[in-house]
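Working through the structure, step by step
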Amino acid sequence: MKFNLFRRPQAVEAAEPTGATTVTMGPTPAVVSTSAPEPPGSNNGTEINKNDMFEEIKSKFLNEIDKIPLPPWALIAIAVVAALLILTCCFCIIKKCCCKKKKNKKGKKGKDGFNMKNMQGGEDDEDDDEGETGLTEEEKEEEEKEQEKLGKLQYSIDYDFENTKLTVGILQAADLMSMDSGGTSDPYVKVLLLPDKKKKYDTKVHKKTLNPVFNETFVFKVPYEELGGKTLVMSVFDYDRFSKHDVIGEVKIPMNSIDLGRPIEEWKDLESADQEEPEKLGDICISLRYVPTAGKLTVCILEAKNLKKMDACGLSDPYVKIQLLQGGKRLKKKKTTVKKNTLNPYYNESFSFEIPLEQMQKILVAVTVFDYDKIGKNDAIGKIFVGSKATGLGLKHWSDMLANPRRPIAQWHPLQPEEDIDGQLASLNAKK
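Conventions adopted
Residues numbered from 1 in each chain as written. Predicted model: local features only at pLDDT ≥ 70, side-chain atom pairs only at ≥ 80, totals over all residues. Heavy atoms only, no water. Phe/Tyr/Trp six-rings, centres within 6.5 Å; stacked < 30°, edge-to-face > 60°. Buried < 20%, exposed > 50% of the residue type's maximum accessible area, 1.4 Å probe, protein only. Helix = DSSP H or I, 4+ residues; strand = E, 2+ residues; numbered from the N terminus. Lys NZ or Arg CZ within 6 Å of the ring centre and 35° of its normal. Arc of directions from axis to C-beta. Contact = heavy atoms within 4.5 Å. Pairing = 2+ DSSP bridges. Axes fitted to C-alpha atoms, helices over the stretch in contact; angles between N-to-C directions. pLDDT = per-residue confidence, 0-100. Core = buried A, V, L, I, M, F, W, Y, C linked by side-chain atoms within 4.5 Å.

Moving on to the packing of aromatic side chains. Evaluated as defined, the whole model comprises seven aromatic pairs. Here the aromatic rings of Y159 and F161 are separated by 4.9 Å at their centres, their planes lie at 85 degrees, and the arrangement is edge-to-face. We classify Y159 as buried; its relative accessible area is 5%. Its relative accessible area of 46% is what places F161 among the partly exposed residues. Summarising the aromatic geometry, the rings of Y319 and F370 are spaced 5.6 Å apart at their centres and angled 15 degrees between planes, so their arrangement reads as stacked. Here the residue Y319 occupies a position in strand 11 (residues 318–326), and F370 occupies one in strand 14 (residues 363–371), the gap between them amounting to 51 residues. Given a relative accessible area of 10%, F370 falls into the buried group. Taken together, the ring pairs in this structure connect Y159, F161 and Y224 into an aromatic cluster. The ring of W412 has K305 sitting right over it, with the charged end atom 4.5 Å from the ring centre. For K334, the ring lying beneath its charged end belongs to F353, and the centroid distance is 5.0 Å.

Below you can see the structure in the form of structure tokens.
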């Protein structure tokens, strides 16, 4: 019995290898047992697969980089520069988009805000503030200029049908804007009938007042059939002795918009005058020659070109006047012949003046181009002056003449308005 009992454990021990033979039966439960935790097992498998893919891509990328014939530091530098360029482009695009959005918001506030305020009577103060802040600085300046009162003008208009005469009366002005530092102005009124700028009148200048009384009348002889296409312009200026006269405001009246069957007398607010570009008056070519030993100055008027049209036919009848000035006084004057119906006259006419060398620094030569008119006053087209006290081309031409004695020195000069040159000459005399 003991032996058998002893053998049974041996048989049990021997059963283990037989169990190994039965292991062929065991895998099926093992598979069944592992089939229960399938999700975690599958995740591990996918993670391993992803890691393998990344490792494979990384190895391929490194292999491709190894094939590039550049050192590693160069590749790193290229990558850094490329990244900076991409970031810069993105920053610029984002900035532009933000700026456009801000501008659109401002535009909507500036335009739609005011429209909504006008349409809806009960708006809050916040809406008003939004509308105001929506305006740009330029728009605010324009609104301030529009709101600023320039003054008003009283005038009269009467047309004589029998004699075809238009009589314009400049009666008075009131509440003019001050143009001088002392809070006053020196106003006068310029009257013309557009599009003809040749015929124009000026009232007398009234010193240091904002409420001048003129009581002056001016007559334009215009056939009634031509009157409808004309515009009456009355411009109020502030007179300045030493510089260009400043325009305060103007009144424009199209003649086809009023009833000429009865006399008109009324007040009208001044409007801001249009700031037009300086009108081109033309150019003149003159030659200067000085002989110091003889004390002889020769001024030769050679030619002019592109002169302003002064006649109704689109031409002019120009001639040139030369004045010798010293200390604001006219010493001598000469003038050329009249060239009919041309805007590009050729003269080649010389005029001599006896001037001692010691007087040359005090002399000025003024050259004025006029349009000759048989009836009425000859109108100035433009003017220049040369001398030691001139500026720009006038001074250069004079200096070149003195530096080259006995030699004629020719120079083209652009014509300037007569009023501007007279103001410059007056300022030179006042400095003495």
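Here the narrative resumes, following the displayed structure.
Three or more residues of helix 8 (residues 393–403) are buried, namely G394, H397, W398 and M401. Taken around the axis of helix 8, the buried residues stretch over an arc of 95 degrees, which confines them to a single face. Against the buried residues of helix 8 lie strand 9 (283–291), strand 10 (296–305), strand 14, strand 15 (379–387) and strand 16 (409–414).

Here we take up the environment of L331. Assignment of secondary structure puts L331 in strand 12 (residues 329–335). Along the sequence, L331 and I363 sit 32 residues apart, while their C-alpha atoms lie 9.6 Å from each other. Setting aside residues no more than four positions away along its own chain, L331 makes contact with L324, Q326 and I363.

This part is about the sheet that holds strand 8 (residues 264–269). An order of 5-2-1-8 is seen for the four strands of this open sheet, with the pairing classed as antiparallel. Two strands lie at the open edges of the sheet, namely strand 5 (213–221) and strand 8, each paired on one side alone. On average, adjacent strands in this sheet sit at an angle of 20 degrees to one another, irrespective of strand direction. Looking at chain direction, strand 2 (residues 165–174) and strand 5 are connected through seven bridges and run antiparallel.

Let us look at the confidence of the model for the protein. On average, residues of the protein score 77 in pLDDT, and 72% of them reach the 70 mark or higher. Here residues 1–42 is a poorly scored stretch, pLDDT under 50, and it has zero contacts once near neighbours within four places are set aside; other chains count. Of the regions scoring below 50 in pLDDT, residues 103–133 engages in 18 contacts with residues more than four places distant in sequence or in other chains.

What follows deals with the nonpolar core. Counting 30 residues, the largest nonpolar core has I284, L297, I301, V365, V367 and W398 as its most contacted members. In this view, V365 contacts L297, V299, I322, Q323, L324, I384, F385, V386 and W398; residues no more than four positions away in its chain are not counted. Counting residues in each nonpolar core, the second largest holds 28 residues, with L166, L232, M255 and L260 among its members.

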